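Chain by chain, the residues:
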Amino acid sequence: MKQKLSILFVLLVTIIVTGCKKNQEETQPINLSIQLSVDQNKVWFEVPYEKAEITLVNKLNNSKYSLKANHQGLVAVESIVPGAYSINVSLKITGAEFTTLTGTYRESDYYLNYSLDNQSYFGNTDAKIQLINSEIIGGFVIKQVYYAGSNASTGAIFRDQFIEVYNNTSETLYADSLLIAVVYGKINKTADSYSLANNQYDWSKSLNMVATGNANDDYVYVKELFMIPSDGTGKKYPVLAGKSIVIAQTALDHTKPYTTNGGTTQNISNPALTVNLANADFEAYLYPYEQKLEPGRTMFASDVDNPNVPNMETYFATGARDMVLNPQGKESFAILKVDKSFNLNNIPSYALPTVRTVTAATVLYPQLPAKYIIDAVETEAIITADQTPRRLPMAFDSGAASITGGQYSSQSIVRKTAKTIGGRKVLQDTNNSRNDFGQLIKANPGKDEASFIAQ
Amino acid sequence: MLNHRALKIIPILLIFSILANAQSGKDSVYFFSQNQNLIDNILFSPTFSNANPLKSYGFLQLDFKRENGGFRRAQEAYSINMPKFLAKGFNILGKFRIAGSIEFNNSSEDSLANGQKNNLEDFTTFYPYANKSGLYKRQNYIAKTSLSYSTLNNHIVPFINLDYQKHQSSGTVDPRLSSNRFILKVKPGVNLNLNRHSLGLYALVGKADEQVSLGYKNDVYKTSLLYPDRIHYMQYGYGSSVIKDTSNVYKYDDYKGFGIQYATKFKDWNIHFATEYQLLINKNYTQNKTAPNFATVATFNLNTINGSLLLSKNNSINTDQQISLSFTYNEGYDGNLKTSGSLNRVNYRVNALNVSSGYRLLWDKNKNNAKELGLNLSYTQNDKLDLNQAAGLSYEQLKIDLSGTLYHLIDEQSKFKISLKPYFIAPINTTLKYNTNSITEFIRNVAFTDYYYFNSSVLGGEFSTEYLTSKLIKNQQFGLYCQFDLRKMLKQDMRNDLNPTFVPNGFRSVFHFGINMYL
């Protein structure tokens, strides 16, 4: 009996062990090849792909690969860890090289860029990337955006936000009629039938859409739109070469208590966390705009008017009663200058594509032609899980800037200084803000040396 | 389906009915450690119980544990305080045999880092991880029952065992862990008795649900990367991790398996043999079952085979002997969309083997001073590997201990025992694999630290004593006990290429004291 039981036991254990051993496939290192190309209708010359700087970042372990393409634009990397990757490609062709390649004289640098995020590579993959020419328009650039705000209990929350615009040329420019746009997009990653492949709104599916060209790539849709006023001469607000202007949400010294529109005192617990915007060049003051829409509406408490600082003209604002910027990096920013053919008082506006019935209460987002963009910057949350689909067309910013501290951290994104010519700083502008921007641990509206960062 | 409250109340009623009917007067059962081993073996086994003359047993314990010291693993607290209540027993009522146990424990673990998971087992993955150390609270409610019925003149005994556990862990610093796990296992079986042979066969089916979440009270920590130890990562293997990927994990698990138990008597030796196979199928989700796009994100399968052999010879007037052999083998592998792109492609593997053997000899057991010597030898092997990261830790250890116990009869109503057990743990082979180009926080703070821990030689000693008396309440035996275990790391070979946040060093002590009540 015992012997039979022993045999039975041995048999059972053998069956168990062999039964459990399935032929399991194991994850293996993968080979990735990326073929770079261009639209030859737009980039007609022979591209020196070997100059491209390609950065591959593994989202699982943050390991970074700096890669080079061959002359034919082929990037090959072997035995990398499978997983989700981001890819950033930046190719700079100097003016002299451009002249040699095309026979056409060019002084400024020429850029080809592209970036991709969350690309899943779990097997050997042949990927293709078509680089986009990011033509640098020159002139004004966005130097600094302080969207994060400061601590919600000891700082000023969002009240101290500002945008700094910089004259990146060697000549005096005029800020008159310069538009500051807060570009809107989806604030989550929800996939639906009214979205593009990256889950951003597909604006072409908005009701009653009328657009010349591509409704997504040739336009931006804004949540807030402000304009620097002008006296009609176009030369009221000169900005010297290498100088900047600061547009404040509320042009007050946020490091000190002040009286709100409600008559109460706005105290500050930790002045070190916030900034003094009393010397800003312009401020957003929405009360006149709100009175046009809703006469008699009470003033927003913190939208205090500083009579010494000129007010921006408000053309559109929704979801906020001041120039409130999303502190999580879920908006993008653009500066534009329109020509006389574009009527700012009658901007085509559309409902979100997901809205299928438009009523009087439906929010319609103004549609601005991207051709008027002078400069733009895409922002994103530093934490991948919190990131939302990009809002700007790739041609205007193929990357995205972010701050490590997250919302209410007092940090700002700031454009790097590329070089200094005779004391004038030239800021880096390759239309790839992943490369062009860094961060200030504390936002600085002072325009001083400390407000610049090196490459 | 019974709800959780009913599942708690039924075992409580059952155990107290058992304890109320338990008989007293089985002094040797309570006194000698060999008999206690035997009792633990037969408690939930109708198979082993059938071959044992003991017809009832009851035991209550109030215990307090204090554990602390710097010689610890990366995912272990510096200090642990844990009060525990345990009640267990069995009784034979006619053709029925009823057994049960209930345990409540509530631990407070201080300076625990890298431990944003439950502490029920060491093999599964897919849990959040952060380097911030802090205070954790854990609670366990564990209930086990066994019910059998003797038929056909005790030749066939159908039985059913139920194992229930409710676990709760919570952290008190950002990122704050919350883990709630519920496990229910059912083991229906039948025991066949023929002459001196008993054979038990049972199936095992079970379910477990767990919700793991991380919360932040301070929004700055939630959205910022400025505080590295507050950043949480989702751990997807043994090194593969994604920064702040999700803060909610839902685990819906299944258990399957079977077991065999066999008891017989050969000459003067009682033989108990048991083996069990269990497959844990762990499925992980980022949304709960009611979410519209509920889908499996990762799986983990764990095959566990364990076996034990207990040979006891206690028919002699003066001496008892006991030989024990046991093994547990675990083999696990995952499938994770995040690391391998498929639920059927493996990135993380673990296998672990523990084999132990022991011999105890008791003599002069009927005299005023009984003595016992014991020798135990155990071998542990553990291997965890993350294929994507080319990272892993494997170790082998050998532990040897020698114990000496004196049992002294003071008078008819009181006695005490005192035991000393020195031991030595020797690392045999410890191998750490990692890729210098992709050292994640987990590899640095867990794999590196644990490498030092398992690569250390350890010398330790355990002292225990218990005073038993029935003078407090007539015919009711109580035991006042304490136990102290102190281990010291002997040597450590430091490596220049490893930079963990902390390196295990110094001592680790475990102190128990409490009261036993024998029914």
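Preceding this section is the structure that the text describes.
Residues numbered from 1 in each chain as written. Chains lettered and ligands numbered in written order. Predicted model: local features only at pLDDT ≥ 70, side-chain atom pairs only at ≥ 80, totals over all residues. Heavy atoms only, no water.

> Account for the side chain of Asn-326 of chain A, with residues named and values stated.
Residue and element names in this part refer to chain A. Looking at the element boundaries, Asn-326 is found in the loop between β19 (313–317) and β20 (332–336). Since its relative accessible area comes to 16%, Asn-326 is described here as buried. With near-sequence residues (within four places) excluded, Asn-326 lies in contact with Tyr-147 and Glu-331. (Helix = DSSP H or I, 4+ residues; strand = E, 2+ residues; numbered from the N terminus. Buried < 20%, exposed > 50% of the residue type's maximum accessible area, 1.4 Å probe, protein only. Contact = heavy atoms within 4.5 Å.)

> Please provide a residue-by-residue account of the environment of Pro-257 of chain A, values included.
Residues and elements named next belong to chain A. Examined against the element boundaries, Pro-257 turns out to sit in the loop between β15 (244–248) and β16 (258–259). Once the C-alpha coordinates of Pro-257 and Pro-271 are considered, the two residues, 14 residues apart in sequence, prove to be 9.5 Å apart. Excluding anything up to four places from it in sequence, Pro-257 contacts Thr-265, Gln-266, Asn-267 and Ile-268.

> Describe the interface of chain B and chain A, naming the residues involved and giving the relevant values.
Where interface size is given, it is often the accessible area lost as the parts come together that is meant. Opposite the 42 residues of chain B that make contact, chain A presents 31 residues. Here chain B and chain A share an interface that buries about 3400 Å² over both sides, 63% of which is from carbon and sulfur atoms. The three residues of chain B that bury the most area against chain A are Thr-223, Arg-345 and Asn-388 of chain B, which together make up 16% of that side's buried surface. Our enumeration of links across chain B and chain A arrives at 2 salt bridges. A salt bridge links Arg-345 of chain B to Glu-25 of chain A; the nearest nitrogen and oxygen atoms lie 3.1 Å apart. Counting across the interface, chain B meets chain A through 8 residue pairs in polar contact (both at pLDDT 80 or more). When residues in the side of chain B that touches chain A are grouped by element, the largest group, 5 residues, is from strand β11 (residues 248–266) of chain B. Bridge count for strand β1 (residues 25–26) of chain A against strand β15 (residues 345–346) of chain B is 2 bridges, and the pairing is parallel. Residue pairing across strands places Glu-25 of chain A opposite Arg-345 of chain B, the latter belonging to β15 of chain B. (Buried area = accessible area lost by both parts, 1.4 Å probe. Salt bridge = Lys/Arg side-chain N within 4 Å of Asp/Glu carboxyl O. Polar contact = N/O pair within 3.5 Å; in protein donor to acceptor, adjacent residues only side chain to side chain. Pairing = 2+ DSSP bridges.)

> Break down the sheet that holds strand β3 (residues 53–58) of chain A for me, citing the residues and quoting the values.
Adjacent strands of a sheet pair through backbone hydrogen bonds, lying either parallel or antiparallel. Residues and elements named next belong to chain A. The mixed open sheet is built from 7 strands, whose spatial order is β4-β3-β6-β7-β8-β2-β5. Both edges of this open sheet fall to β4 (64–67) and β5 (74–80), since each of them pairs with a single strand only. Averaged over neighbouring strand pairs, the angle between their axes works out to 20° when direction is ignored. Packed onto the sheet, helix α2 (residues 95–102) meets β6 (83–93) and β7 (110–121) and runs at close to 80° relative to β6. (Axes fitted to C-alpha atoms, helices over the stretch in contact; angles between N-to-C directions.)

> Could you give me a rundown of the pattern of salt bridges, with the residues and numbers involved?
Tallied over the entire structure, the rule returns 43 salt bridges over all chains. Across the pair Glu-294 of chain A and Arg-297 of chain A runs a salt bridge whose closest N-O atoms are separated by 3.9 Å. Glu-294 of chain A gets classed as partly exposed once you look at its relative accessible area, which sits at 41%. A salt bridge links Asp-411 of chain B to Lys-471 of chain B; its shortest N-O distance comes to 3.0 Å.

> How would you sum up α2 of chain A? Please name residues and give values.
Residues and elements named next belong to chain A. Within α2 the residues assigned to the buried category are Gly-95, Phe-98 and Thr-102. The arc enclosing the buried residues of α2, seen along the axis, measures out at 60°, which places them on a common side. Projecting away from the buried face of α2 at angles above 90 degrees are the exposed residues Ala-96 and Thr-100. Packing partners of the buried residues in α2 comprise β6 and β7. (Arc of directions from axis to C-beta.)

> Tell me about the nonpolar core, residues and numbers included.
In summary, soluble globular proteins display a tendency toward joint burial of nonpolar side chains. If you look at the biggest cluster of nonpolar residues, it comprises 64 residues, and the most contacted ones within it are Phe-140, Val-145, Val-165, Leu-225, Phe-333 and Leu-368 of chain A. Per element, the largest residue contribution to this core is 7 residues, and it comes from strand β13 (residues 219–227) of chain A. By size, the runner-up hydrophobic cluster in this structure holds 38 residues, among which are Phe-71, Tyr-255, Ile-425 and Phe-442 of chain B. (Core = buried A, V, L, I, M, F, W, Y, C linked by side-chain atoms within 4.5 Å.)

> Break down the pairing of strand β17 (residues 369–386) of chain B for me, citing the residues and quoting the values.
Residue and element names in this part refer to chain B. Relative to β17, strand β16 (residues 348–363) is paired through 16 bridges, and the arrangement is antiparallel. Following the sheet pairing, Ser-356 is matched in β17 by Ser-378. Hairpin connection between β16 and β17: a loop of 5 residues separates the two successive antiparallel strands, and Asp-364 in this loop has a positive phi of roughly 55°.

> Would you mind going over the side chain of Gln-278 of chain B in detail, with residue names and values included?
All names here are of chain B. Its place among the elements puts Gln-278 in strand β12 (residues 269–285). A distance of 2.9 Å separates a polar atom in the side chain of Gln-278 from a polar atom in the side chain of Lys-185. When sequence neighbours within four positions are dropped, the list of residues in contact with Gln-278 reads Lys-185, Leu-204, Tyr-255, Lys-256, Gly-257, Leu-302, Asn-303 and Thr-304.

> Go over the pairing of strand β8 (residues 125–133) of chain A, please, and point to the residues and values.
Residues and elements named next belong to chain A. Pairing of strand β2 (residues 30–38) with β8, which is carried by 7 bridges, proceeds in the parallel orientation. Bridge pairing links Ser-37 to Gln-130 in β8. In this structure, β7 lies alongside β8, joined through 2 bridges in antiparallel fashion. Bridge pairing in β8 links Leu-112 to Asn-133. In sequence, β7 turns back onto β8 through a hairpin of 3 residues.

> An account of unusual backbone geometry is needed here, citing residue identities and associated values.
In this model, Asp-174 of chain B is joined to Pro-175 of chain B through a cis peptide bond whose omega is -5°. With respect to the helices, strands and loops of the structure, Pro-175 of chain B is situated in the loop between β6 (156–171) and β7 (176–194). For Tyr-408 of chain A, which is not a glycine, the phi torsion comes out positive at approximately 55°. Topologically, Tyr-408 of chain A is positioned in the loop between β23 (373–378) and β24 (412–421). Positive phi values are uncommon outside glycine, yet Asn-195 of chain B reaches one of about 55°. Within the secondary structure layout, Asn-195 of chain B lies in the loop between β7 and β8 (197–215).

> How would you sum up the packing of aromatic side chains? Please name residues and give values.
Two descriptors summarise a pair of aromatic rings, namely the distance from one centre to the other and the angle between the planes of the rings. On inspection of all chains with the given rule, the structure shows 48 aromatic pairs over all chains. Summarising the aromatic geometry, the rings of Tyr-85 of chain A and Tyr-121 of chain A are spaced 6.1 Å apart at their centres and angled 35° between planes, so their arrangement reads as tilted. Here Tyr-85 of chain A, found in strand β6, pairs with Tyr-121 of chain A, found in strand β7; they are 36 residues apart in sequence, far enough to count as distant. Residue Tyr-121 of chain A is classed as buried on the basis of its relative accessible area of 5%. With 5.2 Å between their ring centres and 70° between their planes, Phe-31 of chain B and Tyr-407 of chain B make a pair best called edge-to-face. Note that Phe-31 of chain B is positioned in helix α2 (residues 27–31) and Tyr-407 of chain B in strand β18 (residues 391–411), a separation of 376 residues in sequence. The burial state of Phe-31 of chain B is the same as that of Tyr-407 of chain B; both residues are buried. Cluster of aromatic residues (ring-pair linked, three or more members): Tyr-184, Tyr-201, Trp-203, Tyr-221, Phe-316 and Tyr-365 of chain A. The cationic tip of Lys-488 of chain B hangs over the ring face of Phe-507 of chain B; the distance from NZ or CZ to the ring centre is 5.3 Å. The ring of Tyr-451 of chain B carries the charged tip of Arg-495 of chain B above its face, separated from the ring centre by 5.0 Å. (Phe/Tyr/Trp six-rings, centres within 6.5 Å; stacked < 30°, edge-to-face > 60°. Lys NZ or Arg CZ within 6 Å of the ring centre and 35° of its normal.)

In short, shape yes, function no, at least from these values alone.
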